[in-house]
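# Structural characterization, general
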Amino acid sequence: MDEIIDAIKEIAHRIDEVIKMKDLGYNNSSNSSGEDQLKLDVQSDLIIENTFAKVKIVKDLVSEEKEGLYHLHDDGKYTICYDPLDGSSLVDVNLSIGSIFGIYEGELKGENLLASAYIVYGPRIEMLIVSRDTKPMLYSTRRNHFQKVGEVTLDEKGKLNAPGGTQMNWTKTHKNFVDSLFGEGYRLRYSGAMVPDLHQLLLKGGGLFSYPPTSDTPNGKLRQLFEVIPFALMYEQAGGQAIDANGKRLMELVPSHPHDTSPCFFGSNYEIEALKKAYGITK
Ligand code: AFP
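Residues numbered from 1 in each chain as written. Predicted model: local features only at pLDDT ≥ 70, side-chain atom pairs only at ≥ 80, totals over all residues. Heavy atoms only, no water.

Take the site of the ligand next. Close contacts around the ligand come from 14 residues, with D86, Y190, M194, Y211 and K221 the closest. A distance of 3.0 Å is found between an oxygen atom of the ligand and a backbone nitrogen or oxygen belonging to G87. In this structure, Y190 approaches the ligand through a side-chain N or O atom, which is 2.4 Å from an oxygen atom. Protein contact buries 75% of the 490 Å² of open area that the ligand shows by itself. Its residues placed into classes, the shell around the ligand shows six nonpolar, six polar and two charged. Counting contributing residues per domain, the shell around the ligand is built from domain 1 (2-151) and domain 2 (160-279), each supplying no fewer than three. (Near = heavy atom within 4 Å. Polar contact = N/O pair within 3.5 Å; in protein donor to acceptor, adjacent residues only side chain to side chain. Areas by Shrake-Rupley, 256 points an atom, 1.4 Å probe, with all protein chains shown as cover. Nonpolar A, V, L, I, M, F, W, Y, C, P; charged D, E, K, R; others polar. Domains from an automatic or database assignment.)

Structural data, given as structure tokens:
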């Protein structure tokens, strides 16, 4: 597994370089958020593919940028499911974005996720790594090298609220619940890229990140294998919870297609318990 972590560190620096080299699209924003962004996503995907091609224990890759399984090594043991550049539409407005990795063994489903990692490309490059028997570990870069910062733990109750999706498409139940959190004094923190948004909650004690079922996306927007399940492990191991709109643990999801999505709620215990109550979930 160390080889995979080292590869992810290398990927972080290489993608960060590509992001910083990219031409800005200020003069032609519609084009820049179309073609150029796509290129950056594809470039990041290639960096990841080429880096893992050197790691013999990786059997297959599943990427947000690819349709099916991409086979690497016959004798490999692990499948890495990843989103090469999440939130890439925010590059042109210079907000933080990220990459997410889920390391699976066997059939691609929540219970076979062994470890996950994500990278935040912000003022600094930061990375969190977690496995089933560790707390998330934060690494931050100093002079281009990752240094261990420490373990990350969520408080029982947070202060931040990150509500995803378009409000006019929310259910009344969801709207009332989000409003009730603001009524309790929660502050809005939502950038539109799940990596920095979930990262902020993790580092600032907690709160709630939600991407509910909506009238336009009844199955949510975020992908199970490379976004939802890897972050579910992060939140559970940090002492919080991660569930879908029926109260099912996201770690129990079994996608029937690599690109399946799911509604998702990540948070500290207080907010998730409050959400269950508001949604009438009894388990
Ligand atoms: P892009 O990669 O298209 O920018 O989408 C980002 C994202 O998948 C995820 O990072 C955000 O949490 C989510 O979409 C935001 O979606 P809404 O704008 O619908 O809230």
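Bringing the state of the cysteines into the picture now. Each disulfide is one covalent bond, formed between the sulfur atoms of two cysteines. Within the structure shown, the criterion is met by zero disulfides. Between C81, a cysteine without a disulfide, and C264, which holds the nearest cysteine sulfur, the sulfur-to-sulfur distance is 16 Å. On the basis of relative accessible area, C264 is assigned to the buried category, the value being 0%. (Disulfide = S-S within 2.5 Å. Buried < 20%, exposed > 50% of the residue type's maximum accessible area, 1.4 Å probe, protein only.)

Moving on, we come to unusual backbone geometry. Of note in this structure, R143 is not a glycine but carries a positive phi near 45 degrees. Positionally, R143 belongs in the loop between strand 7 (137-142) and strand 8 (145-151). Given a relative accessible area of 79%, R143 falls into the exposed group. Even without a glycine there, the phi angle at N144 is positive, about 70 degrees. With respect to the element layout, N144 can be found in the loop between strand 7 and strand 8. Owing to a relative accessible area of 58%, N144 belongs among the exposed residues under this scheme. (Helix = DSSP H or I, 4+ residues; strand = E, 2+ residues; numbered from the N terminus.)

This part takes up the nonpolar core. Counting residues in hydrophobic clusters, the biggest one holds 39 residues, and the most contacted among them are F209, F231, Y235 and F266. If you list the elements that add at least two residues to this core, you get strand 4 (97-104), strand 5 (113-121), strand 6 (125-131), strand 9 (160-163), helix 4 (194-203), strand 11 (207-211), helix 5 (224-237) and strand 13 (264-267). Per-element accounting of this core gives the leading share, nine residues, to helix 5. Counting residues domain by domain, this core receives three or more from each of domain 1 (2-151) and domain 2 (160-279). Excluding residues within four positions of it along the chain, Y235 makes contact with L154, L198, L201, L202, G240, Q241, F266 and G267. (Core = buried A, V, L, I, M, F, W, Y, C linked by side-chain atoms within 4.5 Å. Contact = heavy atoms within 4.5 Å.)

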